[in-house]
Amino acid sequence: EIILREPGVYATHVMPVWKASQDPATNGNAFVVGTLADNPVLSRYLKPTDVPKGGYRVRTIAEKDRDLVLIAGDSPVAALWGAADFVTYGMAALRPDLGNNLSYFGDVFLRGGNRLGVYGDRKAPPYDVAKAPQTKVRSVFTWGHPIDDFRAYVRNMARLRLNRLYIWNNYPVVNAKEIVDYAHSWGIEVFWGFSWGWSTKCRDNWKRDTAELSEEILREWREVWRDVPGDGIYFQTFTECGDVPLDGGESIAARAVRLVNRVADVMMKEKPDQKIVFGLHAS
C-alpha cells in the first residue's frame, strides 16, 4: 500500500503476488516475505542463524537477470517489521541520489527497467540488516477521541514497529472487538484504560476509605471493563494529586500501594489471565 499507492502519485501499477510454494525464479524481480519455516524460497538463500531471535533479516540479492529482496522474520509479526524496515530505509538505499524526494513507485518500479533502483542493467545496491527489538513492549498511550481512523492509526504503529496500544476512554467503544481484531492482525495488543481513583478533587479522594474506593473500582471493572475484548487494562490512580497531607502520617505512595494491591488481588483471582498495567501520571 505504501509503495504502490503514494498520495498524489498517479499510478495504475499492480504488483502480482505469488504463494511461497510457487518458485518466483521465472517471475522477475521479487520481494520474498515470510519466515524460514513457511517460505521455502527464503530458506534457499538464508540460514537459521541469519535471522536473529525475535527479529528479522532483510537482504537484497542481485542475480544474473533479476533482483530479490529477502525479508525473513523469526515470526510472522517480525516479518512485518522487516517489511516496514525495508519500506522506510531499504527503498531509500536503492536510490540514495534522490534523498528525501524518492517516489517509491515512480523511481523504483515504473522507471526501474529490469532491475530495482533505476540502475538499468546494473545490480541493485546491497542492503543487508538484521535487527531484533531491544525493548519487549513498545507502546503508545492515547485518548480514544483523537483517533479519527483506527485502521490508519494501527497500520502506522505497525510501520513504526510498535506492538501495544493503550486507549483511554470514559466508556468502552462500541466497536471494541473490531479494533482489537484489526490490531491483532498487525501484531499489536490493545489495553483499555480507566481510572482507579483519579479525580479533579484529589484531596477528597485521598481522605476516603481505601476499602470503599476499592469496591467502587471493582464494581466499575465488573460491570463495564472486565468482558470488553482486549489484552488487558491500564489504570492511573490518584493522578496529579501532588503533595496532599494524609491523616495518620501515611504517605501518598503507601496509600496507592495499599489500594492497588487490594484491587489487583481481587481482579487476578476473578480473571487470572488478565494483564494489568499501571501508568504513573502524577506530580
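Anything mentioned here points back to the structure above.
Computed from a predicted model, the values in this text were never measured in an experiment.

Undergrad: Report on the overall build of the protein, specifying residues and quantitative values.
TA: In terms of regular secondary structure, the protein is built from eight helices and nine strands. Across the 283 residues in the protein, those meeting the buried criterion constitute 43%. Sequence separation of 24 or more characterises 67% of the internal contacts of the protein that already satisfy a separation of 6 or more. On the protein, roughly 15700 Å² of surface is accessible, and the fraction owed to carbon and sulfur atoms is 53%.

Undergrad: Before we move on, could you go through the packing of aromatic side chains and cite the residues and values that matter?
TA: The full count for this structure, using the stated rule, is 14 aromatic pairs. On the basis of an interplanar angle of 70° and a centroid distance of 5.9 Å, the ring pair of Phe86 and Tyr127 is categorised as edge-to-face. Residue Phe86 is located in helix α2 (residues 76–94), and its partner Tyr127 is located in the loop between α3 (104–110) and β4 (128–131); the two are separated by 41 residues in the primary sequence. As far as the burial class goes, Phe86 and Tyr127 line up, both buried.

Undergrad: Describe the pattern of salt bridges, with residues and values.
TA: When the charged atoms of two side chains lie near each other, side chains of opposite charge can form a pair. What the rule picks out here adds up to 12 salt bridges. A salt bridge links Asp50 to Lys47; its shortest N-O distance comes to 3.7 Å. In this structure, Glu178 and Arg151 form a salt bridge, with 2.5 Å as the shortest nitrogen-oxygen distance. Within this pair, whereas Glu178 is found in helix α5 (residues 176–185), its partner Arg151 is found in helix α4 (residues 150–159), the two being separated by 27 residues in sequence. Taken together, the salt bridges that share partners define one network made up of Arg57, Arg59 and Asp128.

Undergrad: Describe the sheet that holds strand β2 (residues 56–62), with residues and values.
TA: Taken in spatial order, the four strands make up an open sheet running β1-β3-β2-β4, and their pairing is mixed. Since the sheet does not close on itself, it has two edges, and those belong to β1 (30–35) and β4, each with one partner. Each strand of the sheet is rotated relative to its neighbour by a mean of 15°, with strand direction disregarded.

Undergrad: Provide a residue-level description of the sheet that holds strand β7 (residues 189–195), including the pertinent values.
TA: A sheet is described by the order of its strands in space; here five strands give the open sequence β5-β6-β7-β8-β9, paired in parallel fashion. A strand with exactly one partner marks an edge of an open sheet, and here the two such strands are β5 (139–143) and β9 (275–278). Ignoring which end each strand starts from, the neighbouring axes of this sheet average 25° apart. Here α5 sits on the sheet in contact with β6 (164–168) and β7, set at roughly 140° to β7.

Undergrad: Now, about the packing of helix α7 (residues 210–225) against helix α8 (residues 252–270): what can you tell me, with residues and values included?
TA: Two elements in contact, α7 and α8, have axes separated by 10 Å at closest approach and are oriented at 40°. On the basis of their axis angle, the class for α7 and α8 is oblique. Seen along the crossing, α7 lies across α8 with a hand that is right-handed. Counted together, Thr210, Ala211, Leu213, Ser214, Ile217, Leu218, Trp221 and Arg222 of α7 and Arg255, Arg258, Leu259, Arg262, Val263, Val266, Met267 and Glu270 of α8 form the full contact between these two elements.

Undergrad: I'd like a rundown of α2, residues and numbers included.
TA: Residues spaced three or four apart along an α-helix point in a common direction, a consequence of the helix completing one turn every 3.6 residues. Along its 19 residues, α2 runs 25 Å from first to last C-alpha, staying within 8% of the 27 Å computed at 1.5 Å per residue. At Val87, α2 is bent by approximately 40°, the largest bend along its length. Within α2 the residues assigned to the buried category are Ala78, Ala79, Trp81, Gly82, Ala84, Asp85, Phe86, Val87, Gly90, Met91 and Leu94.

Undergrad: Please set out the nonpolar core residue by residue, giving values where relevant.
TA: In summary, soluble globular proteins display a tendency toward joint burial of nonpolar side chains. Grouped together as the largest cluster of nonpolar side chains are 31 residues, with contacts concentrated most on Trp192, Phe194, Trp196, Ile217 and Met267. Mapped by element, the contributors of at least two residues to this core are α4, β6, α5, β7, α7, β8 (232–236) and α8. One finds Tyr56, Ala78, Trp81 and Tyr127 within the second-largest nonpolar core, a separate group that totals 11 residues.

Undergrad: Hey, could you go over the side chain of Arg164 for me, with residue numbers and the actual values?
TA: Here Arg164 shows up in strand β6. Residue class for Arg164 comes out buried when judged on its relative accessible area of 9%. A distance of 2.9 Å separates a polar atom in the side chain of Arg164 from a polar atom in the side chain of Glu189.

Undergrad: Would you mind going over the environment of Trp221 in detail, with residue names and values included?
TA: Inspection of the secondary structure assignment puts Trp221 in helix α7. Assessed through its relative accessible area of 0%, Trp221 is described here as buried. Each C-alpha atom, one on Trp221 and one on Phe194, is 8.9 Å from the other, the two residues being 27 residues apart in sequence. Among all residues touching Trp221, those that are not within four sequence positions of it are Phe194, Arg226, Ile233, Met267, Glu270, Lys271 and Gln274.

Undergrad: Please give an account of the environment of Leu165 that cites residues and values.
TA: On the secondary structure map, Leu165 appears in strand β6. If we ignore the near neighbours within four places in the chain, the residues touching Leu165 are Val140, Thr142, Tyr153, Met157, Ile188, Glu189, Val190 and Phe191.

Undergrad: Explain α7 residue by residue, including any values.
TA: Given a rise of 1.5 Å per residue, 16 residues ought to cover 22 Å, and the 21 Å separating the end C-alpha atoms of α7 matches this to within 8%. Within α7, the full set of buried residues consists of Thr210, Leu213, Ser214, Ile217, Leu218, Trp221 and Trp225. The arc enclosing the buried residues of α7, seen along the axis, measures out at 135°, which places them on a common side.

Cut-offs and rules
- Residues numbered from 1 in each chain as written.
- Predicted model: local features only at pLDDT ≥ 70, side-chain atom pairs only at ≥ 80, totals over all residues.
- Heavy atoms only, no water.
- Helix = DSSP H or I, 4+ residues; strand = E, 2+ residues; numbered from the N terminus.
- Buried < 20%, exposed > 50% of the residue type's maximum accessible area, 1.4 Å probe, protein only.
- Contact = heavy atoms within 4.5 Å.
- Areas by Shrake-Rupley, 256 points an atom, 1.4 Å probe, with all protein chains shown as cover.
- Phe/Tyr/Trp six-rings, centres within 6.5 Å; stacked < 30°, edge-to-face > 60°.
- Salt bridge = Lys/Arg side-chain N within 4 Å of Asp/Glu carboxyl O.
- Pairing = 2+ DSSP bridges.
- Axes fitted to C-alpha atoms, helices over the stretch in contact; angles between N-to-C directions.
- Parallel < 35°, antiparallel > 145°, perpendicular 65-115°, else oblique.
- Left-handed = near helix turned anticlockwise from the far one by under 90°.
- Expected span 1.5 Å × (residues − 1).
- Bend = angle between axes of the 7 residues up to and from the residue.
- Core = buried A, V, L, I, M, F, W, Y, C linked by side-chain atoms within 4.5 Å.
- Polar contact = N/O pair within 3.5 Å; in protein donor to acceptor, adjacent residues only side chain to side chain.
- Arc of directions from axis to C-beta.

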